[in-house]
Amino acid sequence: MMKKDIQTKEDIVQLVDVFYDRVLQDEKLAHFFAHLDFETHKPKMVHFWSFVLLDEPGYTTNVFDKHANLHANSSDFNEWVSLFHMTVNELFEGEKAEAAKFRATTIGFTFGSKIDALNKQA
Ligand code: HEM
């Protein structure tokens, strides 16, 4: 059966929920999120993806700054991106689904490279 595309905020809530279920079971990634309050974190992710995919206004956070001091490296970012792709592919297909994966890939690659470079300097 043809899957639907990411079309509504409810779709993004589902994507974020299923994605974090995966992340929290991932050996490489779970520890980064162990102390996070998901009640406040998930709505931020939903706002971010609604801004990217559904043109919802008002998301102004500098996302890189939130990751600069996590001690994650490019290998961790690759894992994150790969889990994100798996989750999107499992739930959705279409133009927005492709856009979501593309954005995750470019952001993940950029952050990973930038943080690897910063770690070398330190
Ligand atoms: C190794 C990979 C990653 C790890 C360990 C990670 C971890 C985290 C953590 C711990 C936070 C909470 C920071 C805080 O509230 O101070 C966060 C926030 C966030 N992350 Fe990531 N992240 C990763 C990759 C990504 C990627 C690739 C994206 C984008 C595609 C992303 C998007 C965001 C967004 C939008 C927020 C919320 C920022 C806000 O509005 O406060 N993350 N991340």
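Residues numbered from 1 in each chain as written. Predicted model: local features only at pLDDT ≥ 70, side-chain atom pairs only at ≥ 80, totals over all residues. Heavy atoms only, no water.

> Is there a simple way to think about the environment of Met45 in this case?
Tracing the chain through its elements places Met45 in helix α2 (residues 38-54). Using a relative accessible area of 15% as the deciding quantity, one classes Met45 as buried. Taking the C-alpha atoms as reference points, Met45 and Met86, 41 residues apart in sequence, are found 17 Å from one another. The contacts of Met45, once residues within four sequence positions are left out, are Val16, Tyr20 and Trp80. (Helix = DSSP H or I, 4+ residues; strand = E, 2+ residues; numbered from the N terminus. Buried < 20%, exposed > 50% of the residue type's maximum accessible area, 1.4 Å probe, protein only. Contact = heavy atoms within 4.5 Å.)

> Could you clarify how one ought to interpret the environment of Phe33 in this entry?
As for its placement among the helices and strands, Phe33 is situated in the loop between α1 (9-23) and α2. Expressed as a C-alpha distance, the spacing of Phe33 and Tyr20, which sit 13 residues apart in the sequence, is 9.2 Å. Ignoring anything within four residues of it in the chain, the contact list for Phe33 reads Tyr20, Val23, Leu24, Phe38 and Trp80.

> Can you help me understand the site of the ligand in this one?
Contacts to the ligand come from 21 residues, most closely from Phe33, Met45, Tyr59, His67 and Trp80. One of the side-chain nitrogen or oxygen atoms of Tyr59 is found 2.6 Å away from an oxygen atom of the ligand. The side chain of His67 places a nitrogen or oxygen atom 2.8 Å from a nitrogen atom of the ligand. Where the shell around the ligand is concerned, the elements lending two or more residues are α2, α3 (74-91) and α4 (95-121). In terms of residue count, α2 provides more of the shell around the ligand than any other element does, 5 residues in total. Residues of the shell around the ligand, tallied by class, amount to 14 nonpolar, 4 polar and 3 charged. (Near = heavy atom within 4 Å. Polar contact = N/O pair within 3.5 Å; in protein donor to acceptor, adjacent residues only side chain to side chain. Nonpolar A, V, L, I, M, F, W, Y, C, P; charged D, E, K, R; others polar.)

> Can you help me understand the packing of α2 against α4 in this one?
If you want to describe how two helices pack, look at the angle between their axes and the distance between the axes. Where α2 meets α4, the closest approach of the two axes is 10 Å, and the angle between their N-to-C directions is 120°. Handedness of the α2/α4 crossing: right-handed. Along the contact surface, α2 presents Phe48, Trp49, Val52 and Leu53, while α4 presents Lys96, Ala99, Ala100, Arg103, Ala104 and Ile107. Here the residues of the contact of α2 with α4 sort into 8 nonpolar, no polar and 2 charged. (Axes fitted to C-alpha atoms, helices over the stretch in contact; angles between N-to-C directions. Left-handed = near helix turned anticlockwise from the far one by under 90°.)

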